[in-house]
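# Observations on chain architecture
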Amino acid sequence: MRKKLIIGNWKMNPRSAEDARKIFAAIKRKAAKISSVTTVICPPFPFLNLLSPDKKVALGAQDIHSEQDGAFTGEVSLAMVANAGGRYVIVGHSERRALGETDEFVNKKLMQALKHGMNSVLCIGEKERDEGGHYLHFLNAELVAALNKIPSTHLRHLVIAYEPIWAIGKKEDEAMKPSEMHEMTIYIRKVLKSLYRGVDVESVPVLYGGSIGESNAEAMIRDGMVDGLLVGRQSLEPEAFGAILALADKTR
Ligand code: 13P
């Protein structure tokens, strides 16, 4: 059985390094008891260097720039993330796209990360659903654009996180239903198959993100047929996040 991948995205939290250390240490204690889950925490950049990953909990960044280095005020490069201990990067989160990140920029960032062998979590997701199924065309276009010119040899470091924007930051019972996610898992794999003919795309993990907590994590993994979860708010709550890890650990 494949290990589940549970990624915590702290977004722009917590406020202090002291709190970051405390939360991370508590998560490490929870993860120590878990065997079939890969846990990743993506803190804000200033905390990356301060946190010590271990065998059970890896570190990741919430973004990178597409260039290696240079005159890009305020940006952080892949090498800096890697040197700070980051083994994963999130690329194309909807909250970054909302700030103006284009499909082309997302594609360049993804290329930069994958060509250097960084585990890259590509986020996709529609703003809203419509009766006519246009959201599927939107998702197809987002995937095609993000994976433009990315060779199949890079797929072993790729993770797809499906985060419907309408399900982010809501109550747990307003998250997507696992049965709907099952359809999306199949759809995403279908698009990957059409882009990479003859390549084993089943090995690319597909995650769900959006209002995941203790109450819906298990059903989402089991019935949504996902390989893991991308967790926002509840990844800052060690008790709740620990419970999600434990549920993922026992869910087949
Ligand atoms: P919430 O879990 O807080 O809804 O955030 C989801 C998300 O955007 C993770 O990247």
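Refer to the structure above for everything that follows.
This text gives an overview of the structure that appears in the document. Keep in mind that what you see is a predicted model, and the values were worked out from it rather than measured.

## Some words on the sheet that holds strand 1 (residues 4-9)
Read once around its circumference, the closed barrel built from eight strands follows the order 1-2-3-4-5-6-7-8, with strand pairing classed as parallel. Adjacent strand axes in the sheet meet at a mean angle of 25° when their direction is disregarded. Here strand 1 runs beside strand 8 (residues 228-231); their pairing, made up of four bridges, is parallel. Bridge pairing in strand 8 links Gly-8 to Val-231. Set on the sheet, helix 8 (residues 217-224) makes contact with strand 1, strand 7 (206-209) and strand 8; between it and strand 8 the angle comes to about 140°.

## A few points about unusual backbone geometry
Omega for the peptide link from Asn-13 to Pro-14 comes to -10°, which places this bond in the cis form. For Pro-14, the location among the structural elements is in the loop between strand 1 and helix 1 (17-31). The phi angle at Lys-11 is positive, at roughly 50°, despite the residue not being glycine. Positive phi values are uncommon outside glycine, yet Ser-211 reaches one of about 55°. One can find Ser-211 in the loop between strand 7 and helix 8.

## Side note on the site of the ligand
Near the ligand you find Asn-9, Lys-11, His-93, Glu-163, Ile-168, Gly-169, Gly-210, Ser-211, Leu-230, Gly-232 and Arg-233, and these make up its full shell. One nitrogen or oxygen atom from the side chain of Asn-9 is found 3.0 Å from an oxygen atom belonging to the ligand. In this structure, an oxygen atom belonging to the ligand sits 2.8 Å away from a main-chain N or O atom of Ser-211. Contact with the protein chains covers 99% of the free accessible surface of the ligand, which is 310 Å². Tallied by class, the residues present in the shell around the ligand amount to two nonpolar, six polar and three charged.

## Concerning the pairing of strand 2 (residues 37-42)
Counting buried positions over the six residues of strand 2 gives five, a clear majority of the element. As defined by bridge partners, strand 1 adjoins strand 2 across six bridges and the pair is classed as parallel. Paired with Gly-8 across the bridge in strand 2 is Ile-41. Handedness of the crossover is the feature at issue here: the chain leaves strand 1, passes through helix 1, returns alongside strand 2, and the resulting connection is right-handed. In the sheet, strand 2 pairs with strand 3 (residues 57-61) via three bridges, with the strands oriented parallel. Bridge pairing in strand 3 places Thr-39 opposite Val-57.

Scoring rules and cut-offs
- Residues numbered from 1 in each chain as written.
- Predicted model: local features only at pLDDT ≥ 70, side-chain atom pairs only at ≥ 80, totals over all residues.
- Heavy atoms only, no water.
- Pairing = 2+ DSSP bridges.
- Helix = DSSP H or I, 4+ residues; strand = E, 2+ residues; numbered from the N terminus.
- Axes fitted to C-alpha atoms, helices over the stretch in contact; angles between N-to-C directions.
- Contact = heavy atoms within 4.5 Å.
- Near = heavy atom within 4 Å.
- Polar contact = N/O pair within 3.5 Å; in protein donor to acceptor, adjacent residues only side chain to side chain.
- Areas by Shrake-Rupley, 256 points an atom, 1.4 Å probe, with all protein chains shown as cover.
- Nonpolar A, V, L, I, M, F, W, Y, C, P; charged D, E, K, R; others polar.
- Buried < 20%, exposed > 50% of the residue type's maximum accessible area, 1.4 Å probe, protein only.
- Right-handed = clockwise from strand over helix to strand, strands pointing away.

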